[in-house]
Structures are given as structure tokens and as C-alpha cells.
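# Secondary and tertiary structure notes
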Amino acid sequence: MNPTLRRLSRDPKALIGFTILLVATLSAIFAPMLFPRDPWAMATRPFLPPFEDPEFWLGTDMLGRDIFAGLAYRARMSLIVGLASTVAAVVIGIVIGALAGYFGGWIDDVLMRVTEFFQTIPTFVFALLMVAILSPSMLSIIIAICIVSWPPVARLVRSEVASLRNRDFVRAATVLGESHGRIIVAQILPNTLSPVIAMASLMVASAILTEAAISFLGLGDPNRMSWGYMIGASRTVIRQAWWMSFFPGLVILLVVLALNLLGEALNDAFNPRLARRGRR
Amino acid sequence: MSAPLLSIEGLTVALPGGGERAHAVRDVSLTLARGEVLCIVGESGSGKSITASAVMNLLPSDQLRITSGRVRYEGEDLLTLSERRMRRLRGDRISMIFQEPMTSLNPVATIGVQIEQVLEAHGVPARERAGRVQELVRAVGLPDPESIVKRYPFRLSGGQRQRVMIAMALAMEPDILIADEPTTALDVTTQAQILGLIRDLQRDRGMGVLFITHDFGVVADIADRVAVMQNGEVVETGPIERVLGAPEHPYTKKLIGAVPRFRETQADESRDAPILSVRGLTKIYRSGGLVRGVREVRAVDGVSFDIRRGETLGLVGESGSGKSTIGQCLLRIASVDAGEVRFDGQDIAHATGRALFDYRTRAQMVFQDPFASLNPRHTIGRSILAGPLAHKVPRPEAERRMARLLERVGLDAGAATRYPHEFSGGQRQRIGIARALAVEPDLLVADEAVSALDVSVQAQVLELLREIRDEFDLAMLFITHDLRVASNICDRVVVLHRGKIVEQGPVTEVFSRPAHAYTQELLGAVPGRSWHGDPQQGATPTHPIPVQQGATT
Amino acid sequence: MTRLVLSVLLRLAKAVGVVLAIVLLNFVLIRLAPGDPASVMAGQAGAADEQFMAQLRAQFGLDKPLPAQAWSYVSGVLQGDLGFSYRQGMPVSELILDRLPATLLLTGTAFAIALIGGVLMGMVAGLNAGRALDFIVSVVSLLFYATPLFWVGLMSILLFSVYLDWLPAFGMTQVGARFTGWEYVVDVARHLVLPATTLGLFYMAVYARMTRASILEVRDMDYVRTARAMGLPRRRMVRSHILRNALLPIITLAGIQAGQLVGGAILTETVFGWPGIGRLAFDALLQRDYQVLLGVFFVTSIMVVVFNMITDLLYRLVDPRIGAAA
């Protein structure tokens, strides 16, 4: 087995993270089978507290809808937004970072000024503004999160590429007459992948947090509700029904925690030497 | 004989499990007398530095554990001392200096403060400290003592920083100084000065010095006694004259035989027309900007030379001489600011497109760092085939070439499917040579190609380079900081200083009758001249050592 | 000295460039919005009167070509004209200036809590790396890091004001009470505890992780080994070698993160009804009052730029490598 994977499979952080994510993903996919009843329809009496009725283990909301079922159905929106915006941001970040790091000079200057600019502006305010102006929908939320989260990837890839660019094996490829494109794609980028993967895992986590915050403020996609929306909707009744906002928050916490654990474990697995340092 | 100052008895240090070896150091016993310099010499992985750190109890305990042995100093076993008591000894009775001058000083504290902290740590009263710092700074020969103590390390050169570290180490007038490759990262002229300084201070103060090095030249210059280590064990100890003059252990013989020596006979000169003519080559680096103003550094300044087929031209000089930049300009990894680079009659200094692409099959490079010169994610086969395939050589033909070359550089055909990390440094360097040859070049530039290798491997790779130059009738440009290596492999040599050529000519002539003062200084600084012959006097080695050139395998 | 002045000027020029770019970005956003920019500006739901629409069209010069529109918008903003909130019946700049002190108080307190708490946590963890204390601190900071900020706010309201009734949960002052002097300060401080802590927790985790990583990196440096070899006492080594080098980069990183704190303020102010510009932004969001939103974005961006500039200059003064060169 690949040594990185082997280290990963022995790391309790990775195992905990992976298990939580697996449960969340499976329940998002199989929600209709697990909870065949329409999650938007009234199931029993409103404001049913948790742990009283075994059929509605986490209680019901002000319209008598099952919280547990809601959590499973709404996992989809949170996970899709987190994943899609991260994938898009990583792609943008890699392209910009690779161009800046490889070509240097004025190309680097221009691209890095742009990157710095997007890192300087208050990201959450900007994301909110974009969603508000583009009108709230899943797509606009994905775009907004993507636009505020690519800069760190670009900077990471740039610094990796810039240092790899002067490595002897890249010089050797230049001297052998390989083209710039081939050198970037075949020689350099594969060697920058590990830190990017670890970073991506953390980015999904913060994208889920951002999506939750946007939805909490009432800017979520009206047709596809998420965990953050559930908390926002129950804010006004928090004194009567704590469980309505408690459980969705707990689920967000668990998923984000899992992604962070996984990201740390990936980092450790890719840099075993650095990881050991911390345990001296 | 009086009792030794320090004695290491049966020291064994375990390596973490799963490695090739169970022990980093095994059953090492050594003694150090007052007023003596003991050199521990060995190649990488021999355990010499670990032995030194073990004496100071500075090993990272999670990775390297001392499993047995004693280190006796003044009747006590240092290995059993508490960290508290050991701390009091460190820097006071036993001091240590390290290899990397650029990173071994705290970047955010002034020189004066760092020296003073050592005095403070060992209880020197505050009112005496400033004066002592001044004395120390003077003793290690730092310029302008009053103002240099207020400077931060980044303002000092590597040699000056090493002097600061020596001042710190000697602040409390210790009985023992442990020096772990203290001159390896320095230029040869600076190295000679620091070695002289250590030797002088050692004599003045009667210290015992435990000196770790990989370089037999340095050993010859500084040691009273020598211990040779191999794979964690001491294979031979004895007085310097005996070990260098009449080594007993086969490994010692092999190591000494592999040390490159100055050559006295000149090979026939190639009479071909030059394949590469460089005229007035200039490369300028610009740095800074609006705030600090643009600064120009002429890294290469109007350099001219020729290389013929079947000839090896050496480019020698210290760091900052521009030698590597010239290599990069010739291969167009760096751009050329002025001058001509005529290859086979065509100026390729500014070639682009097709002309540059075609040039890429005719000029190739072998790099310094065997660990950075191969893509860790590509198989050896992929790395070697990349060149021919980029130049549209049909795959079957490219694969035939690869098989032939792998065999030629001494690797089996199975190497093609394996990854770089499965090979040693010397093997990787052979792979790098095969990769360069795969496009069938006429010019090979070797940029410090053997500098990162252990001396025994170095000799083998040099021999391989010599052979392939003759077999393929290559013109070779050999860039190195090591005059011994240059003398060994080059036919003609160009001496560079701050981007300019100070002298060039046949290697034996330049090295035996250097015309320029700088060349004389360089040659004078080569460690171990008294031992392996001084080319300026045309002398034979003072010790009866069989002079072997090149490979010893 | 001239170099220092020059580098300050350069930094200022850069900041001005960033501000200009932000204004332009605002303009692009307005144009991106679907529909007539004037009606977007007036707010979708509101039945804006024709006179106001005409005024908006004039402000953006909608009849003129795009560059001219951009120019008139940019020059307007730079003269302090952030537009007019039709819904609130007030110029946006007045609305924001009115609310700014409350936000500065909240974010400033939260930043102080986060920085002090985070650096202390990171130091404890980093200097005890691998021990139980490190594990506990790391788990706690990971939890802070992974918890949605607004949810922490809601839960702390439930715990500390609903169940325990220790602290007020809403607003900045007690409703109806007219405190003065010291009593007023105490009242505000009591109201400040929950929102500032909530906002600070996430960033505390951020700083703790940065500090720990920085200490671990510095701990393995060659100069720390030198200090050990010279027999320096552990306390001395930690203070003058490890911490000084490890905490220097935190200044810059803290500056970059502090800017993002303002974004978190929107959530915190919303949850706790804190009368700052975050709360203003939330209300504007509900009413689709874009002029106010754009204004808030502009002002918070300026805050970030100013803050980054301060930390950047501070770093220049503290780090001898730059200070001596200047």
C-alpha cells in the first residue's frame, strides 16, 4: 500500500473524520429512503421536545415537522455547496498560482496583486453582498464562496511552484526541451498536490460554515434549505424550543470538525517528519 | 600518559525501528587529551556528528536513544547527569560549534547580546560582561569590535558569523570544544582562516578539540589524532602521521585513495576547432525597487572562453564568482544580458523557437544535488525518456538508447521502472548523466556534479564522466569550487572572481604557476596541501601514499 | 530615515490603490445585478418614487457610457457620498458613521480577547508539544474553530441569559434605563461580554493554531540548538530565542485575520442585537437596501486596509531585520 495511505489509515484523526463524513454523506444520499415521509409535511404535534417520542427522536419544529428527517434532507445542500465551491476555488487557485509561480516577473506581480486584493477585502461581507445582489440561489452561493476562497490556494500553489521551478529536475526538463505546458502539468503540479489536497479539506469545512452563516442570515436558497437555514428559522423561538437550533448546529459542528481532522491528518500523512515534531 | 580529558566508552546510539540499521553509533570508544585536536572523519551516515552531539547530550531523544556507554569528564559520566547539571557544563566546560553559520545565530538578537547571554548564563557578573564581550570579539578577529556587537547576524558574512559562534563557545574558556563540520559551508579561503583561528585559540588556551569533518584535507591541516568512522563504528584511530601516511584499515585506505589530488602531468591538448565560443558574456541581476533603489549585480562580467570536443574545461571560483550563472546562461536556463555564445558557429545567446529547441539536443547538463535533480514522482525510465521523446525520437529507438545508457553508467535495466528514492546519491548522479546523454549531446555542462557526494562515490562519478567524455567525444564544462577536483578532471581551467575571469590556461600550468594573486590565494587555502602535495612547488606528496587517481572500485 | 518615509508612502499608495479597486468592485457589483441599476439601488420591494429613481439615474449617469458612469460613481464615493438609503430616509454615510463606534468597540474587544487568549493558548500548546496540556488546548481550539459563530452566540444566550440569567443577551444598554458615568460603562461592559466572547472564540482558535505552529517551527531552528549548546537556561532560551522569533510573524498574520473579524461582526451583532454596522447590514439585507450594503462593504474594507497598514508598519518597527535596513 502507498505509505501515505498507510499512515492515514493508522491515524485516529483520519478515522474519526472519515467516519463522520461517511455518515453525513450517506444520510444525505439516502434520506428519502430513511425518512420516506415528506419532510416538509406536518408529522405530529408542533414543538415536540426531543427524546420523548421514539419516532421523532430529536423533536419537531413549530410546524410539527421531524427535525431528524430535516437534518438528513438538508445535509445535501450544505455538502454540495461546500464541495462545489471548493472544487471551483481550487481550480482557479491552481491556475493562477501556477502561472504566477512559473512565469514570475510582471505576470506574477499582476496576479499576486489581484490575489492580495481578494484576500484583503472582508470576505464574509463580500460573499453576502454577492449573494444579495445576484439574488439568493444555490449557484450564487457557490459562486460567492468560491470567489472569496481561492486566494489562499493561489498563494500556496504559487510559492510551491516558484520553489519547484528552480529545482534541478525542472531545469533538467527545460534543458531537455520540454515545453512550458508539459513542464507545469507533468513535472511541477503533481509535486504540489499534497498540500493542496490537505488545504482543500479545510476549505470545504470553512465553505460549509460560510454557507451556514449566509443561510442563517436569511439569504439561503429558498428552494433548497440547509442546516444554517434551520437555525436561522428557529432563532425567534429559541426560548421555547432550544432543540430546533441546537441539533442543526451540532451537526454542522461535527461535519466541520471531521473535515478539519481529516485535513490535519492529511497534512501529517504528507509530511511525516513535520508531524513527528509535534509529538516530541 | 596522564588521564584523558574526555573519554567516550562503548557508546551506542539506537536508530528508530524499521530503518536499514539498528544503530546510528555502535560501541564507540575514544579519548581526548588536554591540548589535543582529535578529528573524527567519515562519510555521511558514519555517525560522526551523532557521536559529537551525544557527548553534549543534545540528541533528539525521541529519535536517537543512547542505549549504552559512558562519556567520562572529570570523573563523572555525562550521560547520567541531570539536565540541570548538564546545562551548567554546556558552554562553560564543554562548548560546541556547528556547521551552518547562516542559521545558527538568533536572527532577532544582536551579536553582543548573544555573546553576553552565554556569560550571563554561567554567572559572570553584569559589570564584567561588556568588557569580556569586547575581548572575545577581538580574540576571534572580528572587525570593528565596538560597533559590530550592536549588529544583527544578517549583516555579517558567513565567516564572520562563524567567528561570533566561536566567540560564544569560548566565552567561558572551556576545557573542550566540539566542532561539528564548522567550515564545511564556507568558501575555501574563509575555511582556511577559520581553521587557523581554531588552531591558534586551541594552542593558546590548551583546549581539547573534538573536530568532526568529512574532508581529509582539513584533517591533515588541523588534527593531532584521527578516528575514522564507518557505518557507526570506529574502524581506525591513531596519530595523524600514521593514519594518513600508513593507513591500516581497508576502509581508511579506500577513503584516502579516493581523495582527489593535484595532477602533475598534462594531457594532450585537443586541436579541434572550438565547438563553443563564449565572448564577452554578461549577466546582470537587478534587485530592489522604489524604496531601496535598483541595485545591479554583475554576476557575470564580460567572460570569454572556448571549449573543444574531447576537452574538459573547468570553471573554478568561490561562491558569488558567477561560475554557476555562466553554466545556466550557456544552457539558456538564465537569460543572457550581453555577449555572444557561439555553438558550432551559431550564436545561441538569444536563440528562440526552433533554433533553441534544436540546441537543446546538443547541450546538456548534470546537476549538483542528486536528490533534487530527479522528479520524485516519475520513474527513472520516464525521466530518461522525456528528452528523446520531446525531440520526436521514436519510442523503440529511445528505449534502446535508454537500455544502453543505463548499462553504460553501471545500472541494471530494471532501474527504469523504479523511483528515485530507491537509489543512493551516487546512483542518482549516474541516472542524471544517462538522462543528459539520452539526447546525444555534444556539450555537457557539469555544475558541481560531484560536490554533494561522499568522497569515495565522488571518485567513481568523476571516473565515469571522464570515460563518457572520451567515448562520446564530448566537450565538457566542469563547474566546481573544489580545486583538487578541478585539477583531477580538467584539461584547461578558468579562474573566476566576482564575475570576471582572473586567469585561464592549462590546468597544471595555472595550478603550479598561478599568475594572479587571487589564484595564489585560492590555492594557498586548499586544505591539506602539506599532505597531498603543493602544486605551486611541484612537490610530491610528503607522505608515501600510493597516488590513485579516479575510481577505486 | 528617508527609506522609512519612502516605504510608508509606498504602503499608503498601495492602500489607496486597494481602496480605489474596492470602489470599482462596488460599481461592477451594481452592474452585475439583474435589472435596472437604479431600481436595484432603490430596493426591489419598495415602491420608490420617480423623483428618487431619477436622482439615482443621475448619480450613476446611466445615460452616459460605462467609463463615465464608473468615474462619476468613484468620484462620488471618494468625496464621501455613499449614496442615500431610501428605506431609512438618510444618507448612507450618516447611517454608518452613527453605528461605527459600537462596531469598533465590539470588534476591538473581540480582537483583544482573541489575540491574548489565542497567543497564550498557542504558547502553552507549543511549548508543551506532545504532552497532555498540548492535547487539551488543541482539542479546545479545534472545537472553537469548527463551531458556527452564530450558533455559539445562540447557545450562550440560552445558557448565560435564559437559564442562568447572569448576563444580558440583547442590545448595548439596558432598555429604559438612563445610566450615566461609571454606571453606563458597567452596563455597556455587561452587554459586551457575550457578543465579544462569541466573536473572539473563533479567532482565538485561529491565533492559537498559528502560534503553536510557529513555536514548533522555531523550536527546531539551528539557533535554538546553539543556545542549548551554550548552556542557556530554559527560561532564557524560551523567552529570547523561541518566543521572540515565533511571535514576530504572528503580528502580520493577526493583522490579516483581524480584517475578517469585521465579517464575523455581522453575525454576532445580528444574534445579540448589537447596534453596530453589522446589525445595519443585516437589516439592509432583509430589505434589499443595496446602497447600505455597498456602503458597509466599503467601510469595512477601509477598516481592514487601515488595520493591515498598522500591523505592517508595526512589524517593520519590531523586526530588526527590516528596521535596521530602513
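Residues numbered from 1 in each chain as written. Chains lettered and ligands numbered in written order. Predicted model: local features only at pLDDT ≥ 70, side-chain atom pairs only at ≥ 80, totals over all residues.

Membership of the largest hydrophobic core comes to 344 residues, with the highest contact counts inside it found for Leu128 of chain A together with Leu293 of chain C. A per-element tally of this core places helix H8 (residues 180-219) of chain A first, with 18 residues. When neighbours within four sequence positions are excluded, leucine 293 of chain C is seen to be in contact with Leu129 and Ala132 of chain A together with Ala281, Ala284 and Leu285 of chain C. (Core = buried A, V, L, I, M, F, W, Y, C linked by C-beta atoms within 7 Å. Buried ≥ 20, exposed ≤ 12 C-beta atoms within 10 Å, placed from the backbone. Helix = DSSP H or I, 4+ residues; strand = E, 2+ residues; numbered from the N terminus. Contact = placed C-beta atoms within 7 Å.)

Before going further, it helps to examine the sheet that holds strand E6 (residues 94-97) of chain B. Residues and elements named next belong to chain B. With mixed pairing, 6 strands are arranged side by side in an open sheet as E6-E7-E8-E3-E9-E10. Where the open sheet ends on each side, the last strands, each with one partner, are E6 and strand E10 (233-239). Going across the sheet, the axis of each strand differs from the next one's by a mean of 15°, ignoring polarity. (Pairing = 2+ DSSP bridges. Axes fitted to C-alpha atoms, helices over the stretch in contact; angles between N-to-C directions.)

Our focus in this paragraph is the UniProt feature "transmembrane region" (unreviewed entry) in chain A. Residues and elements named next belong to chain A. The positions that UniProt labels "transmembrane region" (unreviewed entry) are, in the present scheme, residues 15-35, 79-104, 124-148, 196-220 and 241-262. End-to-end, the C-alpha atoms of residues 15-35 are 27 Å apart, and along that stretch the chain is 95% helix and 0% strand. Annotated as residues 124-148, this span is 88% helix and 0% strand, and its ends, taken at the C-alpha atoms, are 8 Å apart. (UniProt positions renumbered as here; feature names shortened; annotations may be inferred.)

Our focus in this paragraph is the domain arrangement of chain C. Residues and elements named next belong to chain C. Taken domain by domain, chain C holds domain 1 (2-81) and domain 2 (93-319). Between domain 1 and domain 2, the C-alpha centre-to-centre distance is 31 Å. Taken together, the contacts link 15 residues of domain 1 with 15 residues of domain 2. Of all the secondary-structure elements, those providing two or more residues to the side of domain 1 that touches domain 2 are helix H1 (2-32) and helix H2 (37-42). Per-element tally for the side of domain 1 that touches domain 2: the top contributor is H1, with 8 residues. The class makeup of the residues in the side of domain 1 that touches domain 2 is 10 nonpolar, 4 polar and 1 charged. (Domains from an automatic or database assignment. Nonpolar A, V, L, I, M, F, W, Y, C, P; charged D, E, K, R; others polar.)

What follows covers the UniProt feature "domain: ABC transmembrane type-1" (unreviewed entry) in chain A. Following the UniProt record, the feature "domain: ABC transmembrane type-1" (unreviewed entry) maps to residues 75-263 of chain A here. Between the end C-alpha atoms of residues 75-263 of chain A the distance is 20 Å, and the span holds 86% helix and 0% strand.

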